[in-house]
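One-letter residues, chain by chain:
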Amino acid sequence: MHLHKFEKIWLVFGMASLALFLLITGFAAFWKGTHPQSHIETIDPQNVEAHEAFKPENLGLQEVADGKYTVNIVASAFNYDFGTDADGKAVKRIRVPKGSTVLFQITTKDVVHGFQVAGTNVNMMVEPGHVSRLETVMKNTGEFTVVCNEYCGVGHHQMFAVVEVYE
Amino acid sequence: MANKNKKQNQTTPKESEISLKGTFISVMLLGVFILALWFGSYALFLSR
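Residues numbered from 1 in each chain as written. Chains lettered and ligands numbered in written order. Predicted model: local features only at pLDDT ≥ 70, side-chain atom pairs only at ≥ 80, totals over all residues. Heavy atoms only, no water.

Chain B is annotated in an unreviewed UniProt entry as Cytochrome c oxidase subunit 2A of Sporosarcina highlanderae.

As recorded by an unreviewed UniProt entry, chain A carries the name Cytochrome aa3 subunit 2 and is attributed to Sporosarcina highlanderae. In its Function (unreviewed entry) section, the UniProt entry covering chain A states "Subunits I and II form the functional core of the enzyme complex. Electrons originating in cytochrome c are transferred via heme a and Cu(A) to the binuclear center formed by heme a3 and Cu(B)." Heading Catalytic activity (unreviewed entry) of the UniProt record for chain A holds this comment: "4 Fe(II)-[cytochrome c] + O2 + 8 H(+)(in) = 4 Fe(III)-[cytochrome c] + 2 H2O + 4 H(+)(out)". (UniProt positions renumbered as here; feature names shortened; annotations may be inferred.)

Right under this line is the structure:
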């Protein structure tokens, strides 16, 4: 089979790009541990409180070790439940120091929701019956808005919170 | 019929004579664009 010289060049270019992309994807998956956020861990959406992480007293931000945090959230139409503060008010703002490792654990009681900390790599789909987890290092300071990015109903736009990363 | 085919073959330029320069440039521009997008998104992922 005869191939034009240029054809050979762009075929090699295309295949090399594909190989490179696959290598980087493989590196991210097997070396850096990037995996789907829902690890096929199931939960009863009617009774999320039965799960240790989603007991009302365990919701919200917890420091589990030096510089390591866990944030447990229950999403429902149309609210993110981060637990309550000392005054009994619903928490809508969490603060973590820069460089801390934060594990977000979230589930939903009703429909599919999204959980995106806009401006960071935290972006998960939250499906009823599943627990979504994502661990990240908060590299940059700032105020990041948490938004629901899966349309969940008329109050979709009311689902928000703030993650503040301070120096 | 056979004659007609012969005539057509004669008027078609040989492969080596076809200029693929324009195609080559377009393919490479598209390739570079895709690479730039890919690495741009990856850099964004790493920086956040």
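Past the structure itself, the notes keep going.
This part takes up the UniProt feature "transmembrane region" (unreviewed entry) in chain B. With numbering matched to this structure, UniProt assigns "transmembrane region" (unreviewed entry) to residues 24-45 of chain B. Split by type, residues 24-45 of chain B is 100% helix and 0% strand. Its first and last C-alpha atoms lie 31 Å apart. (Helix = DSSP H or I, 4+ residues; strand = E, 2+ residues; numbered from the N terminus.)

The interface of chain B with chain A comprises 19 residues on the first partner and 18 residues on the second. Carbon and sulfur atoms supply 72% of the area buried between chain B and chain A, which totals about 1800 Å² over both sides. When the area that chain B buries against chain A is broken down by residue, the three leading residues are Phe24(B), Trp38(B) and Arg48(B), summing to 33%. Here chain B and chain A share zero salt bridges between them. At the junction of chain B and chain A, the tally comes to four residue pairs in polar contact (both at pLDDT 80 or more). Looking at the side of chain B that touches chain A, its residues break down into 13 nonpolar, three polar and three charged. (Contact = heavy atoms within 4.5 Å. Buried area = accessible area lost by both parts, 1.4 Å probe. Salt bridge = Lys/Arg side-chain N within 4 Å of Asp/Glu carboxyl O. Polar contact = N/O pair within 3.5 Å; in protein donor to acceptor, adjacent residues only side chain to side chain. Nonpolar A, V, L, I, M, F, W, Y, C, P; charged D, E, K, R; others polar.)

In this section: the nonpolar core. Residues and elements named next belong to chain A. Of all hydrophobic cores here, the largest spans 27 residues; its most connected members are Ile73, Tyr80, Phe82, Phe104, Ile106, Phe115 and Val117. Only β3 (68-76), β5 (93-97), β6 (101-108), β7 (113-117), β8 (123-126), β10 (142-147) and β11 (160-166) provide two or more residues apiece to this core. Examining the composition of this core, we find that four residues originate from one element, β3, more than from any other. Leave out the neighbours within four places in its chain, and Tyr80 touches Ile73, Val74, Ala75, Lys92, Ile106, Gly114, Phe115, Val146, Val147, Cys148, Met159 and Phe160. The next biggest cluster of nonpolar side chains, apart from the first, holds seven residues, and it includes Ile43, Ala53, Phe54 and Val74. (Core = buried A, V, L, I, M, F, W, Y, C linked by side-chain atoms within 4.5 Å. Buried < 20%, exposed > 50% of the residue type's maximum accessible area, 1.4 Å probe, protein only.)

Taking the numbering used here, the UniProt-annotated feature "transmembrane region" (unreviewed entry) corresponds to residues 9-31 of chain A. Structurally, residues 9-31 of chain A is divided into 100% helix and 0% strand, and its ends, taken at the C-alpha atoms, are 32 Å apart.

A word on the side chain of Glu164(A). Residues and elements named next belong to chain A. Within the secondary structure, Glu164 sits in strand β11. Residue Glu164 is classed as buried on the basis of its relative accessible area, which comes to 16%. Side chain to side chain, Glu164 and Arg93 meet in a polar contact 3.1 Å long. Those residues in contact with Glu164 that lie beyond four places of it in its chain are Arg93, Ile94, Arg95, Val96, Gly142 and Glu143.

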